Amino acid sequence: MLVSLLSACKMDHDMDGMKHDSPYMKIMNDMMTQMDAQAKTQDPDHDYATQMVLHHEAAIKMAEEELRTGSNQEMKTTAQDIITKQRAEIGQFNGFTSGHQPMQPLVLQFNTVQKTNMDKMMAASDASALTARADYDFAQLMVDHHQATTTKRPPPSGHRQLGSPAAVRP
């Protein structure tokens, strides 16, 4: 099953070969295309901020899709929280980049490491078994997305994790 899932999606973010019909995967793949095409300065602060704007814009689009198509109130509340918080952070990143000129020393490996992390996130998303149930797919992709680029560690005290499709019901 896992082998067929992995082979069902191309890992290079090419929408032409994409097998998922998920609007969430389309948003994520569009984001990756924009991030890959974005000019890099090799200044980690500057490049991180500009990449995070695109990343947050995609999170907002995914959350808006959840609001449009989801039925679970907890997921809709989470989606609205994401929109509010990500818009505020986009403002912070734009404020930073508007007054920041890329600086020396350049860190040539920064963008390679960042791209590797984003590719890991996309690989996790590509391997997800999506259900065409908006609430579950939104939750699953958010979990995959955030776990893929972090080291595995226990969640903070009191933090709930989604464990199965039954954790989110319409």
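Analysis parameters
Within each chain, residue numbers correspond to sequence positions counted from 1 in written order. Two thresholds apply to this predicted model, a pLDDT of at least 70 for residue-level local features and 80 or more for giving and counting side-chain atom pairs, whereas whole-chain, interface and lining totals are computed over all residues. The basis for every side-chain value is the complete set of heavy atoms in the structure, and neither hydrogens nor water enter the calculation. Note on aromatic pairs: the rings of Phe, Tyr and Trp (six-membered ring only in Trp) are paired at centre separations within 6.5 Å, and the planes decide the class, stacked below 30 degrees, edge-to-face beyond 60, tilted for the rest. Each helix corresponds to a stretch of at least 4 residues labelled H or I by DSSP, and each strand to a stretch of at least 2 residues labelled E; elements are numbered beginning at the N terminus. The buried label applies to any residue whose accessible area, calculated with a 1.4 Å probe on protein chains only, is under 20% of its type's maximum; exposed applies above 50%, and partly exposed to all values in between. Salt-bridge detection follows one rule: a side-chain nitrogen of Lys or Arg within 4 Å of a carboxyl oxygen of Asp or Glu.

Caption draft 1: Quick peek at the packing of aromatic side chains. In total, this model carries two aromatic pairs according to the counting rule given. Summarising the aromatic geometry, the rings of Tyr24 and Phe138 are spaced 5.8 Å apart at their centres and angled 45 degrees between planes, so their arrangement reads as tilted. One end of the pair, Tyr24, is in helix 2 (residues 23-37); the other, Phe138, is in helix 6 (residues 134-148), with 114 residues separating them in the sequence. Here the two residues Tyr24 and Phe138 agree in accessibility, since each one is buried. When the ring of Tyr48 is compared with that of Phe93, the centres are 5.8 Å apart and the planes differ by 75 degrees; the resulting orientation is edge-to-face. Within this pair, whereas Tyr48 is found in helix 3 (residues 44-69), its partner Phe93 is found in helix 4 (residues 73-98), the two being separated by 45 residues in sequence.

Caption draft 2: Quick peek at the pattern of salt bridges. Enumeration according to the criterion identifies five salt bridges in this entry. Put simply, Asp30 and Lys26 hold a salt bridge, and the shortest N to O gap is 2.8 Å. Highlighted residues: Asp30 and Lys26, both in helix 2, separated by four residues, approximately one helical turn. Residue classification places Asp30 among the partly exposed positions, given a relative accessible area of 32%. Where Asp36 meets Lys115, a salt bridge forms, and the shortest distance between an N and an O atom there is 3.4 Å. With Asp36 in helix 2 and Lys115 in helix 5 (residues 108-127), this pair connects stretches of sequence that are 79 residues apart. Taking relative accessible area as the criterion, Asp36 reaches 37% and is therefore assigned partly exposed. Here the salt bridges do not stand alone but share partners, grouping Asp36, Lys115 and Asp119 into one network.

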